[in-house]
Amino acid sequence: GSLEGYLTYHLIWATKSNKGIALLEKGFERMPTKAAEFIQNQTAWINQMAKENPTDNYWNLVNATISQLYGLYDGYISAINHFNKTEYQISFDYFYTAITYSVDLPDVVSKYSLIDLHLPRCSFLLKLTENGLYTGHTTWSDYTDMVRLYKIYNFNLQNPLVKNKKISFSSIPGAVASEDDFYIVDGNKVVAETTLVAYNPLVYSYLHYDSVPYWTRVTIANMMFTDQQSWADTYYKYRSGT
């Protein structure tokens, strides 16, 4: 995480700037107090669970994923200090909520305000032919999301739950997960999605902070799964309701 943050600091700043423009255009001038408390409580709950379960393999992966995020931010700060780009300063809270947390953010904000940040992003095609199984994926979003990276992570994690060590995906700078949700995993396995947005505001009553956010759950599910059911079971675990 630290190395990635250091090497891509200029792209992370461009992403932050673009995200800021997009949020302002949607009427998001500052984080609603209750939404900020939800995210802070969720982060505190995760850290507490990881601390209380040091020998649990699942929480070991959660802790590793969260540590990668902190490393990403630390590497970014190291780079802007090294290259004397003090105008690129970003608080960790903004770095987290505007970039890595941005998939969960619209639901959490909608729970506590009338601001609508939702933007359906992706469509996925699966086609079986006589010659094989083909997949296609498209991301559609604002021009403010045009700064992109294609990442290949190959982590030799010594955890018995890890079945897939090499994961490649499209992403935005500063995000740990894809956000497009298009992954190619060890053994030519593909993970992708078609975005569904909830239009019934009553569902926001099910959101709860004692949970693991999307970006962490999808990362761990990609590491652990061997088939469709095992991916879904892992992703479903400790869901937040977003």
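Every value quoted in this text rests on a predicted model; they were computed, and no experiment measured them. (Residues numbered from 1 in each chain as written. Predicted model: local features only at pLDDT ≥ 70, side-chain atom pairs only at ≥ 80, totals over all residues. Heavy atoms only, no water.)

1. Overview of the pairing of strand β6 (residues 189-192)
Successive residues of a regular strand alternate their side chains across the two faces of the sheet.
Move 1: Relative to β6, strand β5 (residues 182-185) runs antiparallel, the two being bridged by 4 bridges. By the bridge assignment, isoleucine 184 is partnered in β6 with valine 190.
Move 2: In this structure, the hairpin formed by β5 and β6 is closed by a connection of 3 residues, where glycine 187 is found at a positive phi of approximately 80°. (Pairing = 2+ DSSP bridges. Helix = DSSP H or I, 4+ residues; strand = E, 2+ residues; numbered from the N terminus.)

2. Focus: the nonpolar core
Move 1: In terms of nonpolar packing, the biggest core is built from 58 residues, with Trp59, Tyr76, Tyr101, Tyr183 and Trp215 touching the most fellow members.
Move 2: Where this core is concerned, the elements lending two or more residues are α2 (9-25), α3 (33-52), α4 (57-82), α5 (92-100), α6 (105-112), β4 (166-171), β5 and α7 (214-224).
Move 3: Setting aside anything within four residues of it in sequence, one finds tyrosine 101 in contact with Phe38, Ile39, Gln42, Tyr96, Val108, Pro213 and Trp215. (Core = buried A, V, L, I, M, F, W, Y, C linked by side-chain atoms within 4.5 Å. Buried < 20%, exposed > 50% of the residue type's maximum accessible area, 1.4 Å probe, protein only. Contact = heavy atoms within 4.5 Å.)

3. Here's the deal with the packing of α7 against helix α8 (residues 228-236)
How two helices sit against one another is set out by the angle between their axes and by the gap between those axes.
Move 1: Remark: α7 packs on α8, axes separated minimally by 8 Å, with the N-to-C direction vectors making an angle of 150°. Here α7 lies roughly antiparallel to α8, going by the angle between them. Crossing of α7 against α8: the hand is right-handed. Within the contact between the two elements, α7 uses Tyr214, Arg217, Val218, Ile220, Ala221, Asn222 and Met224 and α8 uses Trp231, Thr234 and Tyr235.
Move 2: Among the residues forming the contact of α7 with α8, the class breakdown is 7 nonpolar, 2 polar and 1 charged. (Axes fitted to C-alpha atoms, helices over the stretch in contact; angles between N-to-C directions. Parallel < 35°, antiparallel > 145°, perpendicular 65-115°, else oblique. Left-handed = near helix turned anticlockwise from the far one by under 90°. Nonpolar A, V, L, I, M, F, W, Y, C, P; charged D, E, K, R; others polar.)

4. Notes on the confidence of the model for the protein chain
Move 1: Overall, the prediction assigns the protein chain a mean pLDDT of 92, with 100% of residues at 70 or greater.
Move 2: Element-level mean pLDDT values for the protein chain span from 89 in strand β2 (residues 132-139) up to 97 in helix α1 (residues 2-7). (pLDDT = per-residue confidence, 0-100.)

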